[in-house]
Amino acid sequence: MKFENNLAFAKTLDSADNLRDFRQQFIFPKHNDKEFIYLCGNSLGLQPKVAKEVITRQLDNWANYAVDGWFDGDEPWMYYHKELKKLMAPIVGALPSEVCPMNTLTVNLHLLMVSFYQPKGKRIKIIMEGGAFPSDQYAIESQVRFHGYDPKEAIIEVFPRDGEDILRTEDIIAKIEENGEEIALVLFGGINYYTGQWYDMQAITKAGHSIGAIVGWDLAHAAGNVPVKLHDWDVDFACWCSYKYQNSGPGGISGIFVHEKHFGDTDLNRFAGWWGYQENKRFKMEKGFVPEAGADGWQISCTQVMPMALYHASLQIFEKAGFIEALRLKSITLTKYLEFIINQVNIALDYQQYKIITPEEFNSRGAQLSIIAKEQGKRIFDGLVANHILGDWREPNVIRLSPVPLYNSFEDVFVTGEALLSISKSIL
Ligand SMILES: *Cc1c(COP(=O)(O)O)cnc(C)c1O
């Protein structure tokens, strides 16, 4: 498609967009009564309008049933997570038995490493992307220490080549092969939070397996953003938060994936709790942990009904939108349009003020573009906010903008470009 940098063109794309009405289902933040253009769904997704209602419904269940709410009512809490499992599965390309909502992301990363990072003999190392999200770095570092190893020796980070911003798949695979027998676990973020790069998950998973390692993914920036096929790609485990692209609210419930090939493995370590116990015998309160089949066997504590109700409501919006395929098609064009518009700003300034470090290839990115502002980045970012455009800022000079197909429009992108140009002209 040949893009044009004008409002009429953006509006034409919006009127051809079958998903355009979904934005009505979300609440946009406001300042002085004017709504923001929200390009920050990579950090915290918007509140669905139905959120209040679903929370009120659960408060009513609690009020009306009290303890009997676990087994009575329209949505007995005892089985409530199963409703979510059905809807989570298509978002990450899994079987419903392979996913489960529980806890929060970093907690789940730890729990899954307890099971899937089992260093033995020479095979003790974890390979990960350099510049991973700090929480993942800390989790991995502390897991390695917990097993008695020095993170400097047991963690291999893969960095981009000198002068490059993103990782080459061939370099990741070479590093995996080079360290073959010493690698216990390959653990990457599906999409890097800083650069927006979507790694070739299938190729990396395959490379990890070819040297005999376990392969896990942190899908914080990928789940609900890009189509992943965890089951078919033979991924061992994964986890994600639901408050970024899946709009489940701050601190929202996390999801885990464990491939069904591991269900029968009784040697896996786990940190157990009563909610992971066999469901039909849970209330016999017997001694000796026997896990429930599937991903549910990793649960520890009883169902967190309130955050799950929010995630449930959001998943139902995804279901109406056709889960991920249609959203992804729009997302590819929306982000490409943003890229075009940023380049138009550079052309109008007659200067490469904005350098997009996110890969150009659509198969190597999701919604987000990470843009280096060569000069006066923070002032320009603040100017955008003053103009009711909310992206996010990462030191020292990166502006991240993520047009989200559920609630952003092509007009949003065009207006952002116009503002960026006038702010840049006034500051530079
Ligand atoms: C957002 C994000 C987190 C956040 O972890 P929480 O435990 O939910 O606070 C962790 N890892 C990555 C890669 C993220 O993008």
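Residues numbered from 1 in each chain as written. Predicted model: local features only at pLDDT ≥ 70, side-chain atom pairs only at ≥ 80, totals over all residues. Heavy atoms only, no water.

### Some thoughts on the overall build of the protein chain
A tally of regular secondary structure across the protein chain gives 12 helices and 17 strands. Each of the three principal axes of the protein chain carries a C-alpha extent, and together these read 70 × 60 × 35 Å. Put simply, 71% of the contacts in the protein chain that link residues at least 6 apart link residues at least 24 apart. On the protein chain, the mean spot of the 42 positive side-chain charges and the mean spot of the 54 negative ones are 2 Å from each other. (Helix = DSSP H or I, 4+ residues; strand = E, 2+ residues; numbered from the N terminus. Contact = heavy atoms within 4.5 Å. Lys, Arg positive; Asp, Glu negative; His and termini not counted. Charge placed at Lys NZ, Arg CZ, Asp CG, Glu CD.)

### Points about helix H7 (residues 169-178)
Inspection of H7 places Asp 171, Ile 172, Ile 173 and Ile 176 among the buried residues, and these make up the whole buried set. Here the buried face of H7 lies against strand E7 (125-129), strand E8 (155-158), strand E9 (183-189) and helix H8 (201-210). (Buried < 20%, exposed > 50% of the residue type's maximum accessible area, 1.4 Å probe, protein only.)

### Describing the pairing of strand E14 (residues 369-373)
Summarising burial for E14: five of the five residues are buried, a large majority. Here E14 shows two buried faces, one formed by Leu 369, Ile 371 and Ala 373 and the other by Ser 370 and Ile 372. For strand E13 (residues 354-356) and E14, the ladder comprises three bridges, and the chain directions are antiparallel. What sits directly across from Ile 356, in E14, is Ile 371. Where E14 and strand E17 (residues 398-401) come together, four bridges link them in antiparallel fashion. In the sheet register, Ile 371 faces E17, and the bridge partner there is Ile 399. (Pairing = 2+ DSSP bridges.)

### Section: the site of the ligand
Taken together, the residues surrounding the ligand are Leu 105, Thr 106, Phe 133, Asp 136, Asp 218, Ala 220, His 221, Tyr 243 and Lys 244. Contact distances for the ligand include 2.6 Å between a nitrogen atom and a side-chain N or O atom of Asp 136. For the ligand, an oxygen atom lies 2.5 Å from a polar atom in the side chain of Tyr 243. Relative to its unbound accessible area of 390 Å², the ligand is 83% covered by the protein chains. Taken together, the residues of the shell around the ligand sort by class into four nonpolar, two polar and three charged. (Near = heavy atom within 4 Å. Polar contact = N/O pair within 3.5 Å; in protein donor to acceptor, adjacent residues only side chain to side chain. Areas by Shrake-Rupley, 256 points an atom, 1.4 Å probe, with all protein chains shown as cover. Nonpolar A, V, L, I, M, F, W, Y, C, P; charged D, E, K, R; others polar.)

### Section: the UniProt feature "binding site: pyridoxal 5'-phosphate" (unreviewed entry) in the protein chain
In the numbering used here, UniProt assigns the feature "binding site: pyridoxal 5'-phosphate" (unreviewed entry) to Leu 105, Thr 106, Phe 133, Pro 134, Ser 135, Asp 136, Asp 218, His 221, Tyr 243 and Trp 274. A maximum C-alpha distance of 31.2 Å is found for the annotated residues, which run over 170 residues; spatially they are spread out rather than grouped. Mapping Leu 105 onto the fold places it in helix H4 (residues 105-116). Judged by relative accessible area, which is 10%, Leu 105 ranks as buried. Take Asp 218: it is sitting in strand E10 (residues 214-218). Other than its neighbours up to four places away in sequence, Asp 218 contacts Leu 105, Leu 109, Asp 136, Leu 187, Phe 188, Gly 189, Gly 190 and Cys 239. (UniProt positions renumbered as here; feature names shortened; annotations may be inferred.)

### Focus: unusual backbone geometry
Look at the link from Glu 395 to Pro 396: it is a cis peptide, with omega at 0°. Counting through the fold element by element, Pro 396 comes out in the loop between strand E16 (392-394) and E17. Of note, the phi angle at Asp 234 is positive, near 65°, even though the residue is not glycine. Residue placement: Asp 234 occurs in the loop between E10 and strand E11 (237-241). With a relative accessible area of 30%, Asp 234 lands in the partly exposed category. In this model, Asn 247 sits at a positive phi of 55°, which is unusual for a non-glycine residue. Of note, Asn 247 is situated in the loop between E11 and strand E12 (254-258).

### Notes on the sheet that holds E9
Taken in spatial order, the seven strands line up as E6-E12-E11-E10-E9-E7-E8 in an open sheet, and their pairing is mixed. The open sheet terminates on both sides in strands that have one partner only, identified here as strand E6 (99-102) and E8. Strand-to-strand twist of the sheet, defined as the mean angle between neighbouring strand axes without regard to direction, takes the value 20°. Bridge count for E6 against E12 is four bridges, and the pairing is antiparallel. Counterpart to Cys 100 in the pairing with E12 is Ile 256. Here helix H3 (residues 77-92) sits on the sheet in contact with E6, E11 and E12, set at roughly 120° to E6. (Axes fitted to C-alpha atoms, helices over the stretch in contact; angles between N-to-C directions.)

### Examining the packing of helix H1 (residues 7-15) against helix H12 (residues 410-427)
Where H1 meets H12, the axes come as close as 8 Å, and the angle between the chain directions of the two elements is 160°. In terms of orientation, H1 lies roughly antiparallel with respect to H12. Seen from above, H1 lies across H12 with right-handed handedness. Within the contact between the two elements, H1 uses Leu 7, Ala 10, Lys 11, Leu 13 and Asp 14 and H12 uses Phe 410, Glu 411 and Phe 414. Split by residue class, the contact of H1 with H12 holds five nonpolar, no polar and three charged. (Parallel < 35°, antiparallel > 145°, perpendicular 65-115°, else oblique. Left-handed = near helix turned anticlockwise from the far one by under 90°.)

### What to know about helix H5 (residues 134-146)
The end-to-end C-alpha separation of H5 is 18 Å, in line with the 18 Å expected for 13 residues at 1.5 Å each. Residues of H5 that are buried: Ser 135, Asp 136, Ala 139, Ile 140, Gln 143 and Val 144. Down the axis of H5, the buried side of the element spans an arc of 165°, and every buried residue falls inside it. Residues of H5 that are exposed and point more than 90 degrees away from the buried face comprise Tyr 138 and Arg 145. (Expected span 1.5 Å × (residues − 1). Arc of directions from axis to C-beta.)

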